Amino acid sequence: MLCDELSLASVPFEVDFIRAKSYLGTTSGALEISTLEVATKGEYSNKDVIIVEDIIDRGKTMTILVSKFKNEGVKTVLPVSLLDKRDVKGRVRDFGQYMAGFSIADEFVVGFGLDYNERFRDIKDVYILSNEGVDRFR
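In this text the structure is predicted, and so the values were computed from the model without any measurement. (Residues numbered from 1 in each chain as written. Predicted model: local features only at pLDDT ≥ 70, side-chain atom pairs only at ≥ 80, totals over all residues. Heavy atoms only, no water.)

(A) Main features of the overall build of the chain. Scanning the chain for helices and strands turns up three helices and seven strands. Overall, the chain shows an N-to-C arrangement of helices and strands of α-β-β-β-α-β-β-β-β-α. For the chain, with 138 residues in total, the buried portion stands at 30%. Contacts spanning at least 24 positions in sequence make up 46% of the contacts within the chain whose residues lie at least 6 apart. Total accessible area computed for the chain in this model is approximately 9,400 Å², and 52% of it derives from carbon and sulfur atoms. (Helix = DSSP H or I, 4+ residues; strand = E, 2+ residues; numbered from the N terminus. Buried < 20%, exposed > 50% of the residue type's maximum accessible area, 1.4 Å probe, protein only. Contact = heavy atoms within 4.5 Å. Areas by Shrake-Rupley, 256 points an atom, 1.4 Å probe, with all protein chains shown as cover.)

(B) Quick peek at the pattern of salt bridges. Summed over all chains, the structure comprises eight salt bridges. Through salt bridges with shared partners, a single ionic network connects Asp 57, Lys 85 and Asp 106. (Salt bridge = Lys/Arg side-chain N within 4 Å of Asp/Glu carboxyl O.)

(C) Expanded view of a nonpolar patch on the surface. On the surface, a cluster of nonpolar side chains totalling about 320 Å² of accessible area is made up of Phe 13, Val 15 and Phe 17. Its location among the elements puts Phe 13 in the loop between α1 (2-6) and β1 (19-24). Since its relative accessible area comes to 45%, Phe 13 is described here as partly exposed. (Patch = residues over 30% accessible without salt bridge, like charges linked within 9 Å, V, L, I, M, F, W, Y side chains within 5 Å.)

(D) The environment of Gly 96, seen in detail. If you trace the backbone, Gly 96 turns up in the loop between β4 (76-85) and β5 (99-104). Gly 96 sits 34 residues away from Met 62 along the chain, and the two C-alpha atoms are 9.9 Å apart.

(E) Here's a closer look at the environment of Gly 101. You can see Gly 101 is positioned in strand β5. In contact with Gly 101, other than residues within four places in its own chain, are Ser 81 and Leu 82.

(F) Geometry of the environment of Arg 119. One can find Arg 119 in the loop between β6 (109-110) and β7 (127-128). Note: C-alpha distance between Arg 119 and Phe 137 (18 residues apart in sequence) is 8.3 Å. When sequence neighbours within four positions are dropped, the list of residues in contact with Arg 119 reads Leu 114 and Phe 137.

(G) Spatial organisation of the sheet that holds strand β3 (residues 48-56). The strand order across the open sheet built from three strands is β3-β4-β5, with neighbouring strands paired in parallel fashion. Of all strands in the sheet, those with a lone pairing partner are β3 and β5, marking the two edges. With direction set aside, neighbouring strand axes in the sheet form an average angle of 15°. Two elements, β3 and β4, share eight bridges in a ladder whose sense is parallel. Pairing of Ile 51 across the sheet is with Pro 79, part of β4. Taken strand by strand, helix α2 (residues 60-71) contacts β3 and β4, and its axis lies near 170° from that of β3. (Pairing = 2+ DSSP bridges. Axes fitted to C-alpha atoms, helices over the stretch in contact; angles between N-to-C directions.)

Structure representation (structure tokens):
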């Protein structure tokens, strides 16, 4: 899907991947970031960066990522997310302007790349995971 969208771009671009994970089950915890060393080599200095995220929950992950890129001297950084949870307790909005496709309620959702304990990523739509589903797939 991302490749389909990128094929429409009319300017040269590069794609890098960062894996950032802050959930264990349905509980948010310490942030784990893999391959962030890519963002510490100065490769992004004076470049425009778009961070594409699946969901912005409390905003902690996005705040850390935006800060890391700004510290690298990027020209601009724009977070873009498919989903944005509204009215989340403890929400952090320290990452500035951003774009989101859909604003959703504070529910745990799965599908379309979003997982629960590494399950349900392959579902082609987004669903709220019920308490029964949480208990069953713990």
